[in-house]
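# Structural description and commentary
In case you want the letters, here they are:
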Amino acid sequence: MTEDAWGLFILMDKINIKLDQITYNSMIDGLSLTGRLQEAVKLFDLMVDRGLEPNEISYCVLIDGYCKNCQLDEAMQLFEKMKQNGMKPTVVPYTILLRGLYRDGRMKAAQRFLDEMQSFGQSPNEVTYNTMLDGLCKNGKMEEAVELFESMEGMGISADNYTYSILIHALCRAGRLADARKLFDEIPEKGLFPDAATYNTMMVGLFHNRMFLEANKLIIDMEEKGCLPDSRTYEIIIMGFLEGKETEKALQFLRMMRERKFAPSDFVVRLLVNTLPVDELKNL
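What counts as what
- Within each chain, residues carry numbers counting from 1 in the order of the written sequence.
- Under the rules for a predicted model, residues below a pLDDT of 70 receive no local features and side-chain atom pairs below 80 are neither given nor counted, while totals for whole chains, interfaces and linings still include all residues.
- Note: side-chain values were computed over all heavy atoms of the structure, leaving out hydrogens and water.
- Helix and strand assignments come from DSSP, with helices taken as H or I runs of at least 4 residues and strands as E runs of at least 2, each series counted from the N terminus.
- Relative accessible area decides the class of each residue, using a 1.4 Å probe on protein chains only: under 20% of the type maximum gives buried, over 50% gives exposed, and in between gives partly exposed.
- Contact between two residues is taken to exist if any of their heavy atoms lie within 4.5 Å; hydrogens are not considered.
- Where accessible areas are quoted, they stem from the Shrake-Rupley method and a 1.4 Å probe; at the residue level, only the protein chains shown are allowed to cover.
- None of His or the chain ends enter the tally, which takes Lys and Arg as positive and Asp and Glu as negative.
- Note on charges: their place is set at NZ of Lys, CZ of Arg, CG of Asp or CD of Glu.
- By definition, pLDDT measures how confident the predictor is in each residue, and it falls between 0 and 100.
- The span you would expect from a helix comes to 1.5 Å times its residue count less one.
- Polar contact is defined as a pair of N or O atoms within 3.5 Å, subject to the rule that within protein one atom must be able to donate a hydrogen and the other to accept it, and that residues adjacent in sequence are counted only when both atoms are side-chain atoms.
- Surface patches are drawn from residues lacking salt bridges whose relative accessible area is over 30%; two like charges belong together within 9 Å, two nonpolar side chains (Val, Leu, Ile, Met, Phe, Trp, Tyr) within 5 Å.
- Salt bridges are identified by distance alone: a Lys or Arg side-chain nitrogen within 4 Å of an Asp or Glu carboxyl oxygen.
- Aromatic rings from Phe, Tyr and Trp, with only the six-membered ring used for Trp, were paired whenever their centres fell within 6.5 Å, and each pair was classed as stacked if the ring planes differed by under 30 degrees, edge-to-face if by over 60, and tilted otherwise.

## Considerations on the overall build of the protein
- When its secondary structure is counted, the protein shows 17 helices and zero strands.
- Counting only C-alpha atoms and orienting by the principal axes, one finds that the protein spans roughly 65 × 50 × 30 Å.
- Taken over 284 residues, the protein has a buried fraction of 43%.
- For the protein, the share of sequence-separated contacts (at least 6 apart) that also reach a separation of at least 24 residues comes to 59%.
- Taken as a whole, the protein presents about 15500 Å² of accessible surface, with 53% of it coming from carbon and sulfur.
- Computed over 33 positive and 43 negative side-chain charges, the inter-centroid distance for the protein is 3 Å.

If you want it as C-alpha cells, here you go:
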C-alpha cells in the first residue's frame with residue numbers, strides 16, 4: 001500500500017507535522033521495495049536538504065534498494081559516501097552489499113568486501129554467514145559452501161533452520177540428494193526442530209528427483225513430529241504428485257488442503273486444469 005503511505009507522508013508534511021529520520025527511512029524503504037528507486041533517492045536527498053543527517057539505517061535502506069534494483073555500482077558509491085561522512089559501518093551494510101554482490105555473481109568483489117569488513121574489526125554474524133552460504137551455493141561453489149558451513153560452529157556461529165535449508169536446497173539442486181538427506185537428518189542432533197520451510201525444502205528435492213515414496217514418508221514424519229504443513233507444503237506435494245502422474249494422491253492432498261482452509265495458488269490451479277481430465281475437474 002505504498003501509494004497510501006506516500007499520500008499520508010505528503011499530508012503530514014503539508015500540515016507541518018515534523019518528519020523525523022524514522023519516517024523518512026520508512027518511506028524510502030517502501031519506495032525502494034516497490035521499484036520506485038528514483039523517488040527514494042530524491043527523498044533521501046530531501047531529508048539531507050532539510051537538515052536531517054542520515055543515520056546508518058538511512059544509508060542501509062537505500063543501499064539495499066540499489067542492490068535489489070540491480071544497481072550495485074550506485075550501492076557501493078553510497079557506501080563509500082557513508083564512510084566519507086565519518087560514519088563507521090557496522091556489519092549490517094557490509095552484509096547487505098555482500099548479498100547484492102553474490103546475487104550479481106561478483107564473487108571477487110564480495111570477497112574484497114568481506115576482507116575489508118574484517119580489517120575494520122567487524123566480525124560476520126549469523127546473517128552474514130547465511131548470506132555468504134547462499135551466495136556460494138547460488139554461484140555453484142558447492143565445495144566452498146560446505147566448507148563454510150562446517151567451519152561455522154568453530155567460529156561460534158550456530159546454524160539455524162534457515163542455514164540448513166539453504167544448503168539442503170543447493171545440494172538437492174546439485175543432484176547430491178544423499179548428502180542433502182544426511183544433513184536434514186542431522187538437524188535434531190543439533191538441538192533444532194525442522195520447521196515447515198525446512199521440510200518443504202527437503203520435499204522439493206525429493207519430488208525433483210522423483211522419489212515419491214520418500215516424499216510421502218517425509219510428509220507423514222512431518223505431522224508425527226508436530227510440524228504442521230503450511231499452504232506451501234500442500235502446493236509442493238500437489239505439484240510433485242501431478243508431475244509424477246499420481247493424480248489420486250494429488251487430489252487427496254488438495255482435499256486435505258481445503259479442509260485446513262488453505263487456498264491453492266493460481267499456478268497450482270492452472271496446473272490442475274492443464275493436467276486433470278474434465279470429468280475430474282467437475283468433481284473438485
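From this point, things continue past the structure.
## As for the confidence of the model for the protein
- Mean pLDDT over the protein stands at 90; residues scoring 70 or higher make up 98%.
- Across the protein, element-level confidence peaks in helix α8 (residues 126-138) with a mean pLDDT of 95 and bottoms out in helix α17 (residues 278-282) with 65.

## Some details on helix α4 (residues 56-68)
- With 13 residues, α4 extends 18 Å between its outermost C-alpha atoms, agreeing within 8% with the 18 Å of an ideal straight helix rising 1.5 Å per residue.
- The element α4 is extensively covered by neighbouring structure, given that 10 of its 13 residues are classed as buried.
- Among all positions in α4, only Ser 58, Tyr 59, Cys 60, Val 61, Leu 62, Ile 63, Asp 64, Gly 65, Tyr 66 and Cys 67 are buried.
- Two to three positions downstream of the cap, the backbone nitrogen of Ile 57 sits 3.2 Å from a side-chain oxygen, assigning the N-cap of α4 to Asn 55.
- Positive backbone phi, at 60°, marks Cys 70, one or two positions downstream of α4.

## Describing a nonpolar patch on the surface
- There is a patch of nonpolar side chains on the surface, built from Leu 8, Leu 11, Ile 15 and Ile 17 and spanning about 370 Å² of accessible area.
- As for its position among the elements, Ile 17 is in the loop between α1 (2-14) and α2 (21-33).
- Ile 17 sits in the partly exposed class, given a relative accessible area of 40%.

## Describing the packing of aromatic side chains
- Under the definition given, this model contains 13 aromatic pairs.
- Aromatic side chains Tyr 94 and Phe 113 sit 6.4 Å apart centroid to centroid with 65° between the ring planes, which places their arrangement in the edge-to-face category. With Tyr 94 in helix α6 (residues 91-103) and Phe 113 in helix α7 (residues 107-119), the pair connects residues that are 19 residues apart, well separated along the chain. Side by side, Tyr 94 and Phe 113 carry an identical accessibility label, which is buried.
- Centroid distance Phe 184 to Tyr 199: 5.3 Å. Interplanar angle 70°. Geometry classified as edge-to-face. Highlighted residues: Phe 184 in helix α11 (residues 177-186) and Tyr 199 in helix α12 (residues 196-208), separated in sequence by 15 residues.
- Put simply, the rings of Phe 207, Phe 212, Phe 241 and Phe 253 pair up and form one aromatic cluster.

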